[in-house]
Amino acid sequence: MKVLVCGGAGYIGSHMVRHLAAYGHEVVVFDNLSTGHREAADAATLVVGDLLDPASLASLFASHRFDAVMHFCALSLVGVSMNEPYLYYRNNVAGTLNLLQAMRVAGVAKLVFSSTAAVFGNPETELIDENHPTRPINPYGASKLMVERILADAAHAYGLRSVTLRYFNAAGADLSGEVGESHEPETHLIPNVLRAALGGGATLKVFGDDYVTRDGTCVRDYIHVNDLASAHLKGIEFMADHDGAHVFNLGNGQGFTVLEVIEAARCVTGVDITFERAPRRAGDPPVLVASSGKARNLLGWVPVFTDVAAIVESAWRWHQRPRY
C-alpha cells in the first residue's frame, strides 16, 4: 500500500511514517517543515510543500498514485488560536479543503484525519465518548470540528471514506530513541517537564492550581504516540470494509493531573524538578479523559502504554539524546 502522510515530518506524523514502514508500506511525506523536521522524515520520500498551495498538491498527486492519505497537518496551539483565529481557520480548514479537492481529482477516496479532544470543550461526563456534545471553547478545537463536518458531507456527496481520530494528549517517544517530540516553542507538558529535568529551556510553569480536581491542576488523558500510530493503521484497514465517515476517541481512559505527571517524571529521571505556579491559560478545560470503547470494539485497537510513568520514560530516553 502507498500512503501519503501529510505532516509526516512532525511529532506524531514521523512516528506514523516509521510504523507504516515497519509494516512494509511505501510512504510519501508532504510537509512544509514549518514545525516539522527534515531528519524526522528520513524513513520516507519527502516532498516539501504546503496545503495552502493548491499547485503543489496538484503536482504531488500527479507524481504519485496513493491508496490512502493520513492528515496530520495543523496548527495546534490553543493559546495562539485564541489570539489568531483567522490563522487557524485558514490553515486547518482551508488547507484541508485543498487537500480533499486534490484527493477527489486524483481519485483517492480514503482519509485518516487527525482530530482532537478539543472539539468537546468543557466535559459534561466523567468519561468522554463519541456521543458527548461537541462545544469547542477555542478556535483550534472549532477548526477541527469544522473539518469533521466537512468529512461527513464529503462521504454523502462524493463517497469519501474517512476515519477521524480524536486524540486526547499525545505523549512519549519511539522506543528506538530516533524520533521524539520537539517543538519551538514547546507547550506540551511532558517535554517541558523533561527539559526542566535536563536543566534547559524556560522555567517550568503549572498553569492553574484552582481547578476543581484532586490537586487543583488540570487532568489529562495521556496516550503514547506509538499507540496513536497503530490506531491510524487500523483506521485504514477499517475503511476497506466500511464506507462513510467514522469518528473514534483515542485515550487510555484514565486521567493524570499536572502535578502527578511532574511526580512521575521525578521518579523516572531522579531529578527534583521544580516549577512555578501561573494563572490559568484561556481555553483550557479542567478535565479531559477519553472513553475509547468504540475504537477498541470496532477497530480492534488496544493501547500498549497505559501507565504514565512508562510514557514519560520513553520520552526521557529520547530527550537525553535528541536527534534534532
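Residues numbered from 1 in each chain as written. Predicted model: local features only at pLDDT ≥ 70, side-chain atom pairs only at ≥ 80, totals over all residues. Heavy atoms only, no water.

A. Looking closely at unusual backbone geometry. The backbone of Leu 33 shows a phi angle near 60°, a positive value even though the residue is not glycine. Here Leu 33 shows up in the loop between strand E2 (26-31) and strand E3 (45-48). (Helix = DSSP H or I, 4+ residues; strand = E, 2+ residues; numbered from the N terminus.)

B. How the structure looks around the packing of aromatic side chains. The full count for this structure, using the stated rule, is 3 aromatic pairs. Seen in terms of ring centroids, Phe 238 and Phe 248 are 5.6 Å apart; in terms of plane orientation they differ by 90°. Their pairing is edge-to-face. On the criterion of sequence distance, the pair formed by Phe 238 in helix H7 (residues 225-239) and Phe 248 in strand E11 (residues 245-250) is long-range, its members being 10 residues apart. Each member of the pair, Phe 238 together with Phe 248, is buried. Of note, Arg 280 hangs over the ring of Tyr 211, and the distance from its end group to the ring centre comes to 4.0 Å. The aromatic ring of Phe 248 is capped on one face by Lys 294, whose charged end is 5.0 Å from the ring centroid. (Phe/Tyr/Trp six-rings, centres within 6.5 Å; stacked < 30°, edge-to-face > 60°. Buried < 20%, exposed > 50% of the residue type's maximum accessible area, 1.4 Å probe, protein only. Lys NZ or Arg CZ within 6 Å of the ring centre and 35° of its normal.)

C. Local environment of helix H10 (residues 308-319). Between its first and last C-alpha, H10 extends 16 Å over 12 residues, near the 16 Å set by a 1.5 Å rise per residue. Of the positions making up H10, those classed as buried are Val 308, Ile 311, Val 312, Ser 314, Ala 315, Trp 316, Trp 318 and His 319. Looking at the buried positions of H10, the neighbouring elements they touch are strand E7 (169-171), helix H6 (189-198), strand E10 (222-224), strand E12 (256-257) and helix H8 (258-269). Near the N-terminus of H10, the side chain that reaches the backbone nitrogen of Ala 309, with its oxygen 3.1 Å away, is that of Asp 307. (Expected span 1.5 Å × (residues − 1). Contact = heavy atoms within 4.5 Å. Polar contact = N/O pair within 3.5 Å; in protein donor to acceptor, adjacent residues only side chain to side chain.)

D. Spatial organisation of the layout of surface pockets. Roughly 240 Å³ of volume is contained in the second largest pocket. Around the second largest pocket, the lining comprises 13 residues; the ones closest to its centre are Leu 100, Arg 104, Ala 154, Tyr 158 and Leu 160. A total of 5 residues in the lining of the second largest pocket trace back to one element, the largest contributor, which is helix H4 (residues 85-106). Counted by class, the lining of the second largest pocket contains 9 nonpolar, 3 polar and 1 charged residues. (1 Å grid on protein atoms, 1.4 Å probe; cavity = no way out; pocket = protein on both sides within 12 Å on 5 of 7 lines; lining within 4 Å. Points joined across faces, edges and corners; volume = space filled by probe spheres on them. Nonpolar A, V, L, I, M, F, W, Y, C, P; charged D, E, K, R; others polar.)

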